[in-house]
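One letter stands for each residue in the lines below.
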Amino acid sequence: MTSPESATNRPLGVAMIGYAFMGKAHSNAWRNVASFFDVPAFEQKLLVGRDAAGVEAAAAKYGWAETATDWRSVMDRGDIDIVDICAPGWMHAEIAIAALQAGKHVLVEKPLANTLAEAEAMAAAAQAARAQGVQSMIGFNYRRVPALALARELIADGRVGTVRHIRAAYLQDWLADETAPMSWRLNKETAGSGALGDIASHAIDQVLFLLGDRVTEVSGRLHTFTTRRPGAAGMEDVTVDDAAWATLSLASGAIASVEVSRVATGRKNALSLEIYGDKGSLLFDLENLNELHFVDATAPAREQGFRRILVGEPEHPYLEAWWPQGHIIGWEHTFTHEIRDFLTAISTGTPPSPSFEDGLEVQRILNAIEESAAAKSSTILLARTTASEGA
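Cut-offs used in this document
Residues numbered from 1 in each chain as written. Predicted model: local features only at pLDDT ≥ 70, side-chain atom pairs only at ≥ 80, totals over all residues. Heavy atoms only, no water. Pairing = 2+ DSSP bridges. Helix = DSSP H or I, 4+ residues; strand = E, 2+ residues; numbered from the N terminus. Expected span 1.5 Å × (residues − 1). Bend = angle between axes of the 7 residues up to and from the residue. Buried < 20%, exposed > 50% of the residue type's maximum accessible area, 1.4 Å probe, protein only. Contact = heavy atoms within 4.5 Å. UniProt positions renumbered as here; feature names shortened; annotations may be inferred.

Novice: Requested: an account of the pairing of strand S7 (residues 163–171), with residues and values cited.
Specialist: Pairing of S7 with strand S13 (residues 270–277) involves eight bridges; the strand directions are antiparallel. Among the inter-strand pairings, Tyr170 is bridged to a residue of S13, identified as Leu271. Two strands pair when backbone bridges link them, and S7 and strand S12 (residues 255–261) are joined in this way by seven bridges, in the parallel orientation. Note that in S12 the partner of Leu171 across the bridge is Ser261.

Novice: Run through the pairing of strand S15 (residues 291–296), naming residues and quoting values.
Specialist: Examined bridge by bridge, strand S14 (residues 280–285) and S15 share four bridges and lie antiparallel to one another. What sits directly across from Gly280, in S15, is Asp296. Once S14 ends, the chain turns through five residues before running back antiparallel as S15. In this sheet, strand S16 (residues 307–310) lies alongside S15 in antiparallel orientation, the contact comprising four bridges. Bridging from a neighbouring strand, His293 pairs with Arg308 of S16.

Novice: Please provide a residue-by-residue account of helix H1 (residues 21–36), values included.
Specialist: Given 3.6 residues per turn, any residue in an α-helix points the same way as the ones three and four places further on. The end-to-end C-alpha distance of H1, which contains 16 residues, comes to 23 Å, matching closely the 22 Å that a straight helix rising 1.5 Å per residue would cover. The largest bend in H1 amounts to roughly 30 degrees and is located at Trp30. Every buried residue of H1 is accounted for by Met22, Gly23, Ala25, His26, Ser27, Ala29, Trp30 and Val33. Looking at the buried residues of H1, the elements they touch are strand S1 (12–17), strand S2 (42–48), helix H2 (52–62), strand S4 (82–85), strand S5 (105–109) and helix H8 (333–348).

Novice: I'd like a description of the UniProt feature "domain: GFO/IDH/MocA-like oxidoreductase" (unreviewed entry) in the chain, backed by residues and values.
Specialist: Under the UniProt annotation, the feature "domain: GFO/IDH/MocA-like oxidoreductase" (unreviewed entry) is placed at residues 150–282. In residues 150–282, the share of helix is 21% and the share of strand is 39%. The end C-alpha atoms are 10 Å apart.

Novice: So what's going on with the sheet that holds S14? Which residues, and what values?
Specialist: Hydrogen bonds between backbone groups are what pair the strands of a sheet, and the pairing can be parallel or antiparallel. Taken together, the nine strands give an open sheet; going across it, the order is S16-S15-S14-S13-S7-S12-S11-S8-S17, and neighbouring strands pair in mixed fashion. The open sheet is flanked by S16 and strand S17 (380–381), the only strands paired with a single partner.

This is the structure:
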């Protein structure tokens, strides 16, 4: 095991495992974070992927110094301090646990794992590593959207009063065409679940993040609209869900409805959140991520109505590092903020958020939705856990 103190007099060495969609987004963040934020010195040392030619091309494009085709080779390297896991979910548990046991700080993409058992093992490994000064974080990047970070602050400050209910929907349409080809994301053995794990994990994390609450009861339904798709060997069975619905009861008494779909024609990447309290409400849509809509119900009736807040002021979360007021940022900036927060946590020795325990809590809710769906939408009770609320 390498010591967390081993990198005191040199830049932190970073290895990233996986270089496709999330690898590209994370590489962009690693490449740019130090240009805008004060973070500890680090080096993009190693990019890992199974295809030698592919990973070499990606490394040259994204700024990684070396490549490897076996993630296990990372664990014995004393010059690697951080492992960023962008590989598919079925690989998360094995890689993350090995890295933590080797004394590497670990950032892993969501969802935490494909199964509840794997997520529990990862959270246990993270807890043990934390006692040795080794940090870990799950990449729920939408916590780093400035408008959503501002929404959390407004809720915490009591600006919407007691939250009564929240609506969370995440809608995409990349599978609306029934001739869209089969992929690993449509196979339960490799993906774990479909829209549920892929995008409901984000929606549920936002419910927990914004309200600082916990889920006590779950009722859910899953549905697959296209059950067979063209694959390499002809038509293949789709073994995950295309869409999911859930009703969540929260400890505070609030109720959350969650709807996700990858067959919502015309919706490209629409995460929308509506938070309704007794003193005000908030609306957000990821396709307009620089805007937050707020109504103050304590104002005189003649003055009430949703007002648009353009979240582009230096006083807004994260935006002091970017452009002059009103100059908007984009989706990719959420990953830059994520890397910034992770590096800062490593530097200060402060456990970063969201933790693996937070990821485990989301996994428990996803698992309960699946259990409910299998039992004709029966209500499933969730036992109280000690997952942190995050920041």
